[in-house]
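Secondary and tertiary structure notes
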Amino acid sequence: MVATDGSENAKSAACSGIEIAARTGAEVYALYVAATSCCTPLMPESYDWEIGKEGSEATTEIEEMGKESGVTVKTVLLQGYPAQEILNFAEKNDIDIIVMGTRGKTGIDRFLLGGVTEKVVRNAKAEVLVVRAPCP
């Protein structure tokens, strides 16, 4: 499974995930989680459309990478708390490996291991590959 937020780090992780899948004959889930918070219900309806659009674009990009490498990619869009949704999806779908970038698009996490990534690394039952390097 490749978890994405559409960031450059997530794209690097997708490259690695697709490469692993191509070498092993595996299929890939491209997973995007639209983050919810206490404020989400107060946002205008167009906000949900924008989140869906961003998630679709991010997962479609991974799907295209897969096609170029002969890898089947199934796109999944979820809504909730990203780390928890990633962990739940991985467990429910018997995921062998979770591939994600070192950090996402938000705030101070740009200077550290991303908050979502850290939570997934600490709590996942599956192996987690954290990718830092850009795509070749």
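Up top you'll find the structure we're talking about.
Keep in mind that this is a model prediction, so the values were computed, not measured.

Comments concerning the overall build of the chain
In terms of helices and strands, the chain carries 4 helices and 5 strands. The N-to-C order of helical and strand elements in the chain reads β-α-β-α-β-α-β-α-β. When each of the 136 residues of the chain is scored for burial, the buried share is 35%. Taking the intrachain contacts of the chain between residues at least 6 apart in sequence as the baseline, contacts between residues at least 24 apart amount to 75%. Accessible surface computed for the chain: about 8200 Å², of which carbon and sulfur atoms make up 51%.

What about the environment of tyrosine 29?
Along the chain, tyrosine 29 turns up in strand S2 (residues 28-35). In this structure tyrosine 29 comes out as partly exposed when scored by relative accessible area, which is 23%. Between the C-alpha atom of tyrosine 29 and that of threonine 72, which follows or precedes it by 43 residues, the distance is 8.6 Å. If we ignore the near neighbours within four places in the chain, the residues touching tyrosine 29 are Met1, Val2, Lys74, Val76, Phe89, Asn93 and Ile95.

Some words on the pairing of strand S4 (residues 97-101)
Buried residues dominate S4, accounting for 4 of its 5 residues. Inspection of the sheet shows S4 paired to strand S5 (residues 127-131) by 5 bridges, in the parallel sense. Directly across from valine 99, in S5, lies its bridge partner leucine 129.

Digging into the packing of aromatic side chains
Enumeration according to the criterion identifies 1 aromatic pair in this entry. On the basis of an interplanar angle of 80° and a centroid distance of 5.0 Å, the ring pair of tyrosine 29 and phenylalanine 89 is categorised as edge-to-face. Of this pair, tyrosine 29 sits in strand S2 while phenylalanine 89 sits in helix H3 (residues 82-92), and the two are 60 residues apart along the sequence.

Considerations on the nonpolar core
The biggest cluster of nonpolar side chains holds 15 residues, and the ones touching the most others in it are Met1, Leu31, Ile86, Ile98 and Val120. Elements represented by at least two residues in this core include exactly S2, H3 and S4. With near-sequence residues (within four places) excluded, valine 120 lies in contact with Ala83, Ile86, Leu87, Ile98, Met100 and Val128. Ala13, Ala21, Met65 and Val99 belong to the second-largest nonpolar core, a separate cluster that totals 13 residues.

Considering the side chain of threonine 117
In this fold, threonine 117 is placed in helix H4 (residues 115-123). Given a relative accessible area of 4%, threonine 117 falls into the buried group. Setting aside its immediate chain neighbours within four residues, threonine 117 contacts Met100, Gly101, Thr102 and Val130.

Describing the layout of surface pockets
The probe, sized like a water molecule, is rolled over the atoms to show the empty space still left. Computed from the structure, the second largest pocket encloses a volume of approximately 270 Å³. Lining the second largest pocket are 14 residues; nearest its centre among them are Met1, Ala26, Glu27, Asp96 and Ile97. Looking at the lining of the second largest pocket, the elements that each hand over two or more residues are helix H1 (8-24), S2 and S4. With 4 residues, H1 is the largest single contributor of residues to the lining of the second largest pocket.

Conventions we followed
Residues numbered from 1 in each chain as written. Predicted model: local features only at pLDDT ≥ 70, side-chain atom pairs only at ≥ 80, totals over all residues. Heavy atoms only, no water. Helix = DSSP H or I, 4+ residues; strand = E, 2+ residues; numbered from the N terminus. Buried < 20%, exposed > 50% of the residue type's maximum accessible area, 1.4 Å probe, protein only. Contact = heavy atoms within 4.5 Å. Areas by Shrake-Rupley, 256 points an atom, 1.4 Å probe, with all protein chains shown as cover. Pairing = 2+ DSSP bridges. Phe/Tyr/Trp six-rings, centres within 6.5 Å; stacked < 30°, edge-to-face > 60°. Core = buried A, V, L, I, M, F, W, Y, C linked by side-chain atoms within 4.5 Å. 1 Å grid on protein atoms, 1.4 Å probe; cavity = no way out; pocket = protein on both sides within 12 Å on 5 of 7 lines; lining within 4 Å. Points joined across faces, edges and corners; volume = space filled by probe spheres on them.

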